[in-house]
Amino acid sequence: MADSTAPQSRSRDLDKLLLRPGNLVGPNFDPGTEMRDDLQQYARVLVVGAGGLGCELLKDLALSGFRNLDVIDMDRIEVTNLNRQFLFRLEDVGKPKAEVAAKRVMERVAGVNIVPHFCRIEDKDIEFYSDFNIIALGLDSIEARSYINAVACSFLEYDSDDNPQEETIKPMVDGGTEGFKGHARVIMPGVTPCFECTIWLFPPQVKFPLCTLAETPRTAAHCIEYAHLIKWDEVHSGNAFDPDNPEHMKWVYDEAVKRAELFGILGVTYSLTQGVVKNIIPAIASTNAIISAACALETLKIASGCSKTLSNYLTYNGVEGVHSKVTEFVKDKDCLVCGPGILIELDTSVTLQKFMDMLEENPKLLLSKASITHHGKNLYMQAPPVLEEMTRSNLCVPLYELMGRVPKDILHATGTINNDNKKTSGLRKLRIVFKGIDGVTDMDMAGGA
Amino acid sequence: MAEPKTKYDRQLRIWGEQGQSALEKASICLLNSGPTGSETLKSLVLGGVGSITVVDGSKVEVGDLGNNFMVDESSIGQSKAKCVCLFLKELNDAVKAKFVEEYPEELIETNPSFFSQFTLVVATQLVEESMVKLDRICREANVMLIFTRSYGLTGLVRISVKEHTVIESKPDHFLDDLQLNNPWPELMSFAEAIDLNVQDPAAHKHIPYVVILVKTAHEWAKAHGGALPSTREEKREFKELLKGRIIARDEDNYKEAIDASFKVFAPQGISTDLQKIIHDSSAEVDSNSSDFWVMVAALKEFIANEDCGEAPLEGSIPDMTSSTDHYINLQKIYQAKSEGDFLIVEQRVKNILKKIGRYPNSISKATIKSFCKNARKLRVCRYPLIEDEFNHPSLPALQKYLTDEDYSMAVGFYILLRAVDRYAANFNSFPGQFEGGMDEDISRLKTTAISLLNDLGCNGLTLTEDLINEMCRFGAAELHSVAAFIGGIASQEVIKLITKQFVPMCGTYIFNGIDHKSQSLTL
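Read on for a plain summary of the structure. (Residues numbered from 1 in each chain as written. Chains lettered and ligands numbered in written order. Predicted model: local features only at pLDDT ≥ 70, side-chain atom pairs only at ≥ 80, totals over all residues. Heavy atoms only, no water.)

## Thoughts on the sheet that holds strand 1 (residues 27-31) of chain B
Residues and elements named next belong to chain B.
Then step 1. With mixed pairing, the eight strands of this open sheet are ordered in space as 3-2-1-4-5-6-9-10. The sheet is open, and its two edges are formed by strand 3 (96-100) and strand 10 (519-521), each paired on a single side. When the angles between neighbouring strand axes are averaged without regard to direction, this sheet yields 15°.
Then step 2. By the bridge criterion, three bridges tie strand 9 (residues 508-512) to strand 10 in an arrangement that is antiparallel. Within strand 10, the position partnered with Ile510 by the bridge is Gln519. (Pairing = 2+ DSSP bridges. Helix = DSSP H or I, 4+ residues; strand = E, 2+ residues; numbered from the N terminus. Axes fitted to C-alpha atoms, helices over the stretch in contact; angles between N-to-C directions.)

Structure follows, in structure tokens:
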């Protein structure tokens, strides 16, 4: 039933959603060719991760009217990726995921431009992330999500009534999958909960008690972890275990078999050994396709307003039938990441060095080896050596001077966060208020300075 | 280079070699190769399905470049089936791929026997009339069928198979089979031989909770005329009894025992789900019965004749705080009982096979063993013919859905998806499909929807204006992200049907891309 009178456009199907007014749409929906063309020309979306979710996201976004995409991933392609990361072929094994994914999608979808970044997400400075309208996450770790979440939330500014300022909201769409299960969520910093607000959603990782591993093993997994976590260090002191080294893995497997035999335990296989040691999460193409599609659809809705957005957390389970549920989680107003910022009151005489020492001791922060920026300007950088040298002289200068003598303002600090004896890299938003200064300047003006 | 099988590692951890083998033997037919169909097939091809045949009579147009990843500039004017097939072959060259340049509607009309060669047909973007015809054909030929459709921000997935039985349902959370409320003699003797009051603190805290509970339950029963705790008060008392035996703060085995005490209070016997299965009329077997039902018949006998009406013991035990020795010995006891139960069931299966005129060894040991292990988790899925659902949907269900806030948009879309097909049959195009005349289309769709609801017996119930407007706005658009979502769901269901693992969806799944409150409707 094709309409042969009008010349066909690539946008034949999308146009129905983008050019036509509707009632169940976003609050600022302005349908028309201008909006559609603006989406193509100006909208920039960053896809974080070019794996199972990332490949699907790039395809879905390229076919949802977006023309300017970036993708960042530090990994190289492996054979076990090929059952679902459909942009990669056997001959691509060993090449950077981001680069191959970008190339493949650009080859197939004319007009789309994808810039690949083969590096860690921490290697990009904050300015890089601020250039995007929306950040879509296809990550597989809590740490990485936490990092990007902190970056996106660092742009958020609040007005004097503690309401988020709309133009500083950096939306994120986050997806995750495991076997037949998955989730997709929309994060609007300052409005919906951010990743940290709902970190309790992620169950703690299974850890076996050391005494079980050392004295009373009962299962094959216990034998494997004994070999991996205890015996390896005893025999290879100094030489760190590398899960990607097949010789190391074989050693662990052999030791696990020996231990299992000793205790009469069955079930140690090479496959199980890999699974336990690497914490392998089973993965299939279909769940990744489902979750990415949901994320891409939400990205389109956020950018164009063409429909109401997911509010705000979708869980999906396909083990028994097909079940999905939408939950509207509420933001934690005291959230250290998306809240108005950790309040730090200072005397005007406090130097940058003293300030950084305070960050390390502050129980809400525990941030060491800090690098500090003020509206993009480097006050002190730990690395690279050139920058460190350039900013070293700031350490003995009062922070009040460095910040231009404003009574209060936002600073961003990146560094190492000491979380329950686990060190992760993180970024924190700090709300600095200088004591004893008459607060004539309000938050809005300080933010614009 | 690595052997090809390594690439399947991440999925083998889900469905195993058997599941993979079933996939590799399957032949799939796809009807219509727009994004909905091609995205469905993509996941199956990546997973290693045996062969695919893509059926589509259309040629690639410019508009297809905006929603279908498997066609590009060079495909314009060519057969869409051919281009999609070529792309899919690239994704996995172990998959045999063919295409047929014909419109599915014509094949359905003029060559129904075409479908008999396939394991399963994925029918995408068909209208009601064709769905009904194809459904009859596939039911006749005993070919599995799944319908999928994307339409603007909505869509559907619906399996149509007479009966699909599942042994390896692999549910997420299922209670272990410890039979603490009904211990057999060997378990009792094992527990009896262990002294809970052992002096050595290390030994005291390494007695597995299974032993603690079996002994404590036995004590209780002796003091209460053979009965186990049943009232709230009794259950509390039982837990106090356990707490009273704790001699140190770090006795995890006792903590586990207290947490697991509910297993002692659990009612004996089989679940209502399993009751339904063994009392199903298909359990009265004859020479035409499937292996599944023959085994169910044997299971029924087992439950009726072996002591206490339980299903055969599953045989595995969860990890628990224990000395290695106790744990291994306990495992052996459970494994032995499980093996014993299996042998009894196996014998009954052979007898039944003989009775119905089949070779007594025609069902393998491995199959019967798996059946026994999964006996408490068996599932039977049956799907009404589309025609029956369309002509006689369950009215109470329909009314309940229409008035439930969580379901109303999904069921609204369900009705509207049918209404637009009626509309198209009357007016030769879908509402809003072309520019201009939107108001008239909206009013016509509304009338069509109301008349459909009346035909179904839902007089007086209406759909919201907003939803009707939205359906017209969609204008039968096939959006890539929606197609990819629906394709993902459909491919996952196909995998379940082919591997016979995990439980396929019931009813019709309606995708709701507006607020993501998608639902499965059983009508």
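## Here we look at the packing of aromatic side chains
Then step 1. Summed over the entire model, instances satisfying the criterion amount to 24 aromatic pairs over all chains.
Then step 2. Clustering of aromatic rings is evident, with ring pairs tying together Phe86 of chain A together with Phe69 and Phe87 of chain B.
Then step 3. Its end group placed over the ring of Phe69 of chain B, Arg108 of chain A keeps NZ or CZ at 5.9 Å from the ring centre.
Then step 4. The ring centre of Phe342 of chain B lies 5.0 Å from the NZ or CZ of Lys369 of chain B, which sits over that ring. (Phe/Tyr/Trp six-rings, centres within 6.5 Å; stacked < 30°, edge-to-face > 60°. Lys NZ or Arg CZ within 6 Å of the ring centre and 35° of its normal.)

## Things to note about the pattern of salt bridges
Pairing of side chains with opposite charge becomes possible as their charged atoms draw close.
Then step 1. Summed over the entire model, instances satisfying the criterion amount to 67 salt bridges over all chains.
Then step 2. We note a salt bridge from Glu122 of chain A to Arg120 of chain A, for which the minimum N-O separation is 3.5 Å.
Then step 3. With a closest N to O distance of 2.7 Å, Arg382 of chain B and Asp280 of chain B form a salt bridge. With a gap of 102 residues between them, Arg382 of chain B in strand 8 (residues 379-382) and Asp280 of chain B in the loop between helix 12 (272-278) and helix 13 (291-305) connect regions that are remote in the sequence.
Then step 4. Given the relative accessible area of 41%, Arg382 of chain B is considered partly exposed.
Then step 5. The exposure class assigned to Asp280 of chain B is buried, which follows from its relative accessible area of 15%.
Then step 6. What you see here is one network of salt bridges that share partners, running through Arg12 and Asp13 of chain A together with Glu61, Asp64 and Lys80 of chain B. (Salt bridge = Lys/Arg side-chain N within 4 Å of Asp/Glu carboxyl O. Buried < 20%, exposed > 50% of the residue type's maximum accessible area, 1.4 Å probe, protein only.)

## With respect to helix 3 (residues 80-91) of chain B
Then step 1. Look at helix 3 of chain B: 17 Å from first C-alpha to last across 12 residues, which is about the 16 Å you get at 1.5 Å a residue.
Then step 2. When we look at burial in helix 3 of chain B, the residues that qualify are Lys80, Ala81, Cys83, Val84, Cys85, Phe87, Leu88 and Leu91 of chain B.
Then step 3. For helix 3 of chain B, the elements touching its buried residues are helix 4 (97-108) of chain A together with helix 2 (35-47), strand 2 (51-55) and strand 3 of chain B.
Then step 4. The N-cap residue of helix 3 of chain B is Ser79 of chain B: its side-chain oxygen and the backbone nitrogen of Ala81 of chain B are 3.3 Å apart. (Expected span 1.5 Å × (residues − 1). Contact = heavy atoms within 4.5 Å. Polar contact = N/O pair within 3.5 Å; in protein donor to acceptor, adjacent residues only side chain to side chain.)

## Some details on the pairing of strand 1 of chain B
All names here are of chain B.
Then step 1. With five of five residues buried, strand 1 is to be regarded as a mostly interior element.
Then step 2. Neither face of strand 1 is exposed, since Ser27, Cys29 and Leu31 on one face and Ile28 and Leu30 on the opposite face are all buried.
Then step 3. Direction of pairing for strand 1 relative to strand 2: parallel, over a ladder of five bridges. What sits directly across from Ile28, in strand 2, is Ile52.
Then step 4. Traced from strand 1 through helix 2 to strand 2, the parallel crossover comes out right-handed.
Then step 5. Pairing of strand 1 with strand 4 (residues 120-124) involves four bridges; the strand directions are parallel. (Right-handed = clockwise from strand over helix to strand, strands pointing away.)

## Remarks on the pairing of strand 3 of chain B
Then step 1. As judged from the five bridges shared by strand 2 of chain B and strand 3 of chain B, these two strands associate in the parallel manner. Residue pairing in the sheet places Val55 of chain B in a bridge with Val100 of chain B of strand 3 of chain B.

## Quick look at empty space enclosed by the protein
Residue and element names in this part refer to chain B.
Then step 1. A complete count under the given rule lists three cavities of 30 Å³ or more for this structure.
Then step 2. Of the pockets and cavities examined, the largest cavity occupies roughly 110 Å³.
Then step 3. Of all elements in the fold, only helix 5 (128-141), strand 6 (154-160), helix 16 (386-391) and helix 18 (408-427) reach the threshold of two or more residues within the lining of the largest cavity.
Then step 4. Per-element accounting of the lining of the largest cavity gives the leading share, four residues, to helix 18.
Then step 5. In the lining of the largest cavity, the residues fall into six nonpolar, one polar and six charged. (1 Å grid on protein atoms, 1.4 Å probe; cavity = no way out; pocket = protein on both sides within 12 Å on 5 of 7 lines; lining within 4 Å. Points joined across faces, edges and corners; volume = space filled by probe spheres on them. Nonpolar A, V, L, I, M, F, W, Y, C, P; charged D, E, K, R; others polar.)

## A closer look at the nonpolar core
All names here are of chain B.
Then step 1. Ile28 and Leu134 are the most contacted members of the largest nonpolar core, which has 169 residues in total.
Then step 2. Setting aside its immediate chain neighbours within four residues, Leu134 contacts Leu31, Ile108, Phe115, Val121, Ala123, Leu126, Leu145 and Phe147.
Then step 3. Counting 33 residues, the second-largest nonpolar core is a separate cluster that includes Val210, Ala217, Ala257 and Val264. (Core = buried A, V, L, I, M, F, W, Y, C linked by side-chain atoms within 4.5 Å.)

## Some details on the interface of chain B and chain A
Then step 1. In this complex, chain B contributes 88 residues to the contact, which on the side of chain A involves 82 residues.
Then step 2. Of the roughly 7,200 Å² buried between chain B and chain A, counting both surfaces, carbon and sulfur atoms make up 58%.
Then step 3. Among the residues chain B hides against chain A, the three largest losses belong to Arg10, Phe69 and Arg473 of chain B. Together they make up 13% of the total.
Then step 4. Across the chain B-chain A interface, the total number found is 11 salt bridges.
Then step 5. Between Glu39 of chain B and Lys59 of chain A there is a salt bridge, with the nearest N and O atoms lying 2.8 Å from each other.
Then step 6. On inspection of chain B and its partner chain A, the count reaches 41 residue pairs in polar contact (both at pLDDT 80 or more). (Buried area = accessible area lost by both parts, 1.4 Å probe.)

## A word on unusual backbone geometry
Among all residues except glycine, the phi angle is most often negative; among peptide bonds, the trans geometry is most common.
Then step 1. Here Ser311 of chain A and Asn312 of chain A are connected by a cis peptide whose omega angle stands at -15°.
Then step 2. Residue Pro384 of chain A is reached from Ala383 of chain A by a cis peptide bond, and omega for that bond is -10°.
Then step 3. Position of Pro384 of chain A among the secondary structure elements: in the loop between strand 11 (377-380) and helix 13 (385-391).
Then step 4. Phi is positive for Ala476 of chain B, which is not a glycine, with a value near 60°.
Then step 5. Not every positive phi belongs to a glycine, and Phe502 of chain B is a case in point at roughly 65°.
Then step 6. Structurally, Phe502 of chain B can be placed in the loop between helix 21 (480-499) and strand 9.
Then step 7. We classify Phe502 of chain B as buried; its relative accessible area is 7%.

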